Every structure is written in C-alpha cells, then in structure tokens.
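Listed below are the residues making up each chain.
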Amino acid sequence: MAAAGGGSAAGPGSWSPLRLVSFCVLLAGFCRGNSVERKIYISLNKTAPCVRLLNATHQIGCQSSVSGDTGVIHVVEKEEDLQWVLTDGPNPPYVVLLEGALFTRNLMEKLKGRTSRIAGLAVSVAKPSPTAGFSPSVQCPNDGFGVYSNSYGPEFAHCREIQWNPLGDGLAYEDFSFPIFLLEDENETKVIKQCYHDHNLSPNGSVPTFPLCAMQLFSHMHAVISTVTCMRRSSIQSTFSINPEIVCDPLSDYNVWSLLKPINISGALEPDDRVVVAATRLDSRSFFWNVAPGAESAVASFVTQLAAAEALQKAPDVATLPRNVMFVFFQGETFDYIGSSRMVYDMEKGKFPVQLENIDSFVELGQVALRNSLELWMHTDPMSQKNESVQNQVEALLSTLERSGAGVPAVELRRLDQSQPLPPSSLQRFLRARNISGVVLADHSTVFHNRYYQSIYDTAESINVSYPESQSPEEDLNFVTDTAKALADVATVVGRALYQLAGGTNFSDTIQADSRTVTRLLYGFLVRANNSWFQSILRQDLRSYLGDGPLQHYIAVSSPTNTTYVVQYALANLTGQVVDLTREQCQDPSKVPNENKDTDRLPHCVRSTARLARALSPAFELRQWGSTEYSTWTESRWKDIRARIFLIASRELEFITLMVGFGILVFSLVITYCINAKADVLFIAPREPGAVSY
C-alpha cells in the first residue's frame, strides 16, 4: 500500500515539465504566427473594391466567395493577352491584372462569360487618363426618377431627346460574380508585376513552372437579389433575433443647407414669405467603392456655390432684402435624387421650415468647370412653361441672370431652345411636386462635356487644375489657378443674380466672388484635404477625417461623410458671423444654439445658419422598398475586404504534401496507440527510497 501511494504522488510531478514544454511550444507558435504569415503573403493595402449595390429590382457590383477567390496572376496589357486567360493558359483560374485603359464594357463582357477561368480582376489606374474618355455610368442618368415620364413630357422621357452622357457604357450598373479591385498605389502594382515576371512569365511562350505568383481577393457580400429582399431579411432579423445580422443598409447622408437671413426653424414660414433657392449636388461615384473624385460632376459646382454664398453674404443690405435666399447642397443625387426627393417630401409633409409654396425661384448649378469659350448655358423645363404664369416667371429669371452676367466679361449667359428638356438635375424633383420657375446653369448646351462622368478619372487634372512642381503644399493651397478664376467668375454671376432675385437693387455690382476662396476649396477637395485652411475651419475632433489625398464624394451609409462635414463648416465660416463667446458657450449647443466653433491657432466662435437635413430616401421611411417613386438604393454589408499575393505550388505537389501529412498523422496515431497499450510496461513508476513491501 505504501508503494502504491508513493507511485501516485510522483505522477503529477513527473508530467509538469512536459506540460511546461508543451505550453512554451504553443506560445511560441502563437507569437510566430504573424511572422510566418508575413513571410508567405504580401498584403495589398491600397486597394478599392467593387461592392454590391441593390435597388428595388436588381443587384449590381461584384463579390467573391466566402473564403475569397484565388487565381494565378496574368498581366493583360493589350487585348490579345486575354487569349491566355480565356483559352490557352494551363493553370486556371486566373486573376487578371488589367491595364486601366482596357477596363471597358466590351472587354468585361468577354470575361463575364468565362467565370470558370476567371477568379478575379485587379485594375491599375491608367496614366494619363484615357484620351477617348471613360464613363461607367449610363447614358441617361437617374432615368425614371426625374420629372419626365409617359404622363409628363413623354417625348423627353428616358432621354429620347438627348442622351446626356453619350460615353456612358453602363459598366457600373452590371453584376459580376467575381471580385474586382482597383490598385491605387503604383508601387504595389509594380510589386505584383515583378512577381508575375519572376514566376509566371516563361520565355518563348512556354508553360511556366511552379511555384507561380497568385492573388487572393476577399469581398464577399451578404445581400443578394434586390433591396426588397435584403431589407425584408434585415427586418425579420431585427424583429426576432437578439443579435440581428443586418445584410444591407440604405444609402443615406445629410443635405447641407443655410439661409441668408436667419429664421425660426421650429415652425414653418408664412405662405407669403418668399425664398430663392440656390442648389447643387455634393456626391458622385465610380465603379469602385468610395473612389469618387467627382471634380466636374460635383466639386466644381458646389465650390462655386460656396463662393457665391460668401460673396452674397458680404452685401451691405442682405438683412433687409425682401426675399430670403436658401443655399442647398444635396447628397445622394447620383442615386436617383436621394437628397432632393427627401427635401421635397419633408416640405410636403411640413417637416421642413421652408415649404414648396415659399419657393419663388430655383437656380441650380450643374457641371460648370468645362466651359467652351465663355459660354454658360441656361437650361429650363419646356413643360412647366406651358403655364403662362410660370413662363413669365422663367423669362424674368433668365433676364435677371443675363443682367447679372453683363458685368462679368468672362461669362456669357446663353439661352436654349424652349423645346429642349432639362438635363439630370435636382430641379426635376421639385418640378414633380410643383410648377416653379427654375433654371439649371451648365457648361454644356446638349451632351455633357465631361468625358469622365462618374469615373475614377474625374479628377483635378480633368478640369485643368494643376500647380507648379517647385511649390510647397502651402504655396499650392494659395496658388490661384485658371480654373479657380473661371469658377470665381461664375460664382460672381450667381451671387449677383441671387441678390437681384431676392429683391436687391443697390449693391449688385459690388458682389464679387473671391478667387482665393475658390482655389483653396478646389485644392482641399481635389488635391489635399489635410491642409492648413481646412484644419482652421473644422472642429478639432473632425480634423482626423482629413487625409493627405483628396476627399471622396460617395454618399455611403455611415453619415455624415467627410465631404458633408467639410462643406457644412466651410459654409458656416464663409457666411457666418464671428461672435464673442467663451469656449464653453461655443461648444455647448444647449446654451448657444446654431453655433459652429473654430479652435485653430486663434480660437473664435462662428454663428451661422448652416445646418444638416437628413438625406435618406422616403422609400425607407415609408417601408416601400419596391418603390418606383423614390430611390431604393442600398449597399450590401460585408465582413472582410482585402487582397494579397503569394506563391502557390502545383496541384501535384499540394496533393503529395497532403498525403505525406496524412501518412504522418496515421503513423503518429498508430505509435500513440501502441505506446498507450504498453504503457504499464514502458513506464514503470520508480519506488521511493526506503519504501518497504510486505
């Protein structure tokens, strides 16, 4: 009995070193896991995916499988190189590294039908931009959601009169079953090409030998089919699940708006209060998620409106003008007029302080940065002008604009034939609700001048914004470009026109937009957001949103977006009044409402009427996810989006490795079984010294 007791006491002590060694090995494995991964994979950190978007009837965009899609890299520099990917290559599937100039609908249609051989696509940025132009949007933007329909101007419905975006190939509205990524960093593109040349490119067109350079793309989307389906699934999850898994979110943000003269926003204006609306859009898009430079399609117009607002605010008699002026910057107009349709809806429901009947006239800035010569075209709606009263109001509006432009030699206002329809514009959503006198100012008389509408190439270079190479970033910020001067001239015309439309008569000629303001705004939105001027106008907690590159103007689902914040604070600082308040008063909205603070080098507080209004389609408030009246665009959710490259072995070697590993596993199990069966023979517990058996 004593011997038995001694043996059992020694057992745990004899195993503790083994447990300690096992623990150390396991800990070392965890510590070295990341190091091993870094040796195997090269992560691509500066990429932008194509994601899935959905509306009432369709899904568009791209996605990968749940575990990501992997393929051997093949570089396609000319269309003939596709032959290897589609038919000749012996090691499918392939991930195609496509030169940006080849990223067209025709080529993508060839890849779309061969999904068994295509694992994904990586697109490099073409430099310089394609000279022939590139627009993945449609030829008739926002078709079906403007004012023209089979019951109102049927001859203009579906862009029968004018295809406004003739270069649009609709690529961004197609659905792809494989992932597509944009390579934003030239250095990463060079690394991929070098890996391809080192491992995948064999001399004389012979079959390359393993290991081969491969790429893995992760962009699995949760939502499928349509907004109706994904919103219903999300709604069911939210109702019955403790931890609901939402699969899609509505595209939404905030409109930015302000009034020339403050009003009490807790109630509505009186019916006889008249307001002149100056409107433009804030957003754009491209084929790739959150890559939306929108230089001509959005930035130039809202920068011009900001400069016009600043110029008008400086007029000495603005506080006594008979009519008020409301500046509106609509979000989500790219996706079937989300922002403008929501504002009209709120006006109709009495949820907005300005009502539709308060609108005296409507002036909208469309694309204005690419004027031929000096011409700025005035677009109006021919259908509403069949009403004599509206026609007279529109005539007065155009005459006022012409008088305002007479004092600005660099801008020539031009009228169009009254039988020509409006281009895609926010004004169309207001005309759906009420006949008002309105005009859209644009650099084009018919089709867009913008050859890169809603594409990654709608950048500063596309509107001729450039800077001398020898200058510092601070010097670039204050360098007045020719484009800034031209847009300042347009802003001057708009500012003077708004002054006269509001009833002003005495100081029209003194209103002058500041070209320095325009050039700073262009630099901040299109070149470098993290600059001293943007830093000075934003709250300190918002300055982290400013990156070293340009801001992107995609509406997204998390709001407000960076663009919305910057425009709101730019508008507040350009039109607001510096007031003598303490920091606590300025920071506490409950003590001093409607304040925007600036705590840069010289802290001061600004009182402004700049506010935000929700830009969420009424379809989601009404739960009409299949609506044809309002925008129904949603964005799918995802868990992981990333890309990486690595070397892969041949299938034969992988099979041999698997079999050897399986054999070692079986051998280990057999040895373990045998040792366990003979444990009482192999492992005899030593007797304690002095133990005596009886």
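Residues numbered from 1 in each chain as written. Predicted model: local features only at pLDDT ≥ 70, side-chain atom pairs only at ≥ 80, totals over all residues. Heavy atoms only, no water.

Applicable threshold: UniProt positions are given in the numbering used here, feature names are shortened, and annotations may be inferred rather than shown by experiment.
The chain has the name Nicastrin in an unreviewed UniProt entry, where Nyctereutes procyonoides is given as its organism. Heading Sequence similarities (unreviewed entry) of the UniProt record for the chain holds this comment: "Belongs to the nicastrin family."

**Describing the UniProt feature "transmembrane region" (unreviewed entry) in the chain**
Selection criterion: Only DSSP runs of H or I covering at least 4 residues are called helices, and only runs of E covering at least 2 are called strands; the numbering of each starts at the N terminus.
Look at the UniProt record and you will see "transmembrane region" (unreviewed entry) annotated at residues 655-675. Annotation note: span residues 655-675, helix share 100%, strand share 0%, distance between end C-alpha atoms 30 Å.

**Digging into the packing of aromatic side chains**
Two descriptors summarise a pair of aromatic rings, namely the distance from one centre to the other and the angle between the planes of the rings. For clarity, the threshold we go by: Ring geometry is summarised as follows: Phe, Tyr and Trp rings, the Trp one being its six-membered ring, pair when their centres sit within 6.5 Å, and such pairs are stacked at plane angles under 30 degrees, edge-to-face over 60 and tilted between the two. Using a 1.4 Å probe on the protein chains alone, a residue whose accessible area is under 20% of its type maximum counts as buried, one over 50% counts as exposed, and one in between counts as partly exposed. Charge-over-ring placement is defined geometrically: NZ (Lys) or CZ (Arg) within 6 Å of the ring centre, and within 35 degrees of the ring normal.
Under the definition given, this model contains 27 aromatic pairs. With 6.2 Å between their ring centres and 75 degrees between their planes, phenylalanine 335 and tyrosine 554 make a pair best called edge-to-face. Of this pair, phenylalanine 335 sits in the loop between β13 (324-330) and α7 (338-348) while tyrosine 554 is found in the loop between α13 (532-537) and α14 (562-575), placing the two residues 219 residues apart along the sequence. Residues phenylalanine 335 and tyrosine 554 agree in their burial class; the two are buried. A ring pair is formed by tryptophan 533 and phenylalanine 534, whose centres lie 5.9 Å apart and whose planes are at 35 degrees; its orientation type is tilted. As far as burial versus exposure is concerned, tryptophan 533 and phenylalanine 534 are alike and both buried. The ring of phenylalanine 176 has lysine 112 sitting right over it, with the charged end atom 5.2 Å from the ring centre. The ring of tyrosine 41 has arginine 644 lying over it, and the distance from NZ or CZ to the ring centre is 3.6 Å.

**Some remarks on unusual backbone geometry**
The omega torsion of the bond from lysine 127 to proline 128 falls at 0 degrees, within 30 degrees of zero and hence cis. Its place among the elements puts proline 128 in the loop between β7 (118-124) and β8 (180-183). Despite not being glycine, cysteine 159 shows a phi value in the positive range, around 55 degrees. Along the chain, cysteine 159 falls in the loop between β7 and β8. For cysteine 159, a relative accessible area of 9% gives the class buried. With a phi angle near 60 degrees, arginine 623 is a residue other than glycine that sits in the positive phi range. By secondary structure assignment, the location of arginine 623 is in the loop between α16 (618-621) and β22 (634-636). Assessed through its relative accessible area of 53%, arginine 623 is described here as exposed.

**With respect to the packing of helix α11 (residues 482-501) against helix α12 (residues 515-526)**
Packed helix pairs are specified by the crossing angle of their axes together with the interaxial distance, meaning the distance between the axes. Quick note on the threshold: Fitted lines through C-alpha atoms give the axes, limited to the stretch in contact for helices. The angle between two N-to-C directions lies from 0 to 180 degrees. What sets the label is the angle itself: under 35 degrees gives roughly parallel, over 145 gives roughly antiparallel, 65 to 115 gives roughly perpendicular, and the rest give oblique. Crossings are classed by handedness, with left-handed meaning an anticlockwise turn of the near helix from the far one by less than a right angle and right-handed meaning a clockwise turn. The contact criterion used throughout is that any non-hydrogen atoms of two residues lie within 4.5 Å.
Packing of α11 against α12 leaves a shortest axis separation of 8 Å and a crossing angle of 120 degrees. By the criterion of interaxial angle, the relationship of α11 to α12 is oblique. The interaxial crossing formed by α11 with α12 has right-handed handedness. Residue-level inspection shows Thr483, Ala484, Leu487 and Ala488 of α11 in contact with α12, the latter providing Ser515, Val518, Thr519 and Leu522.

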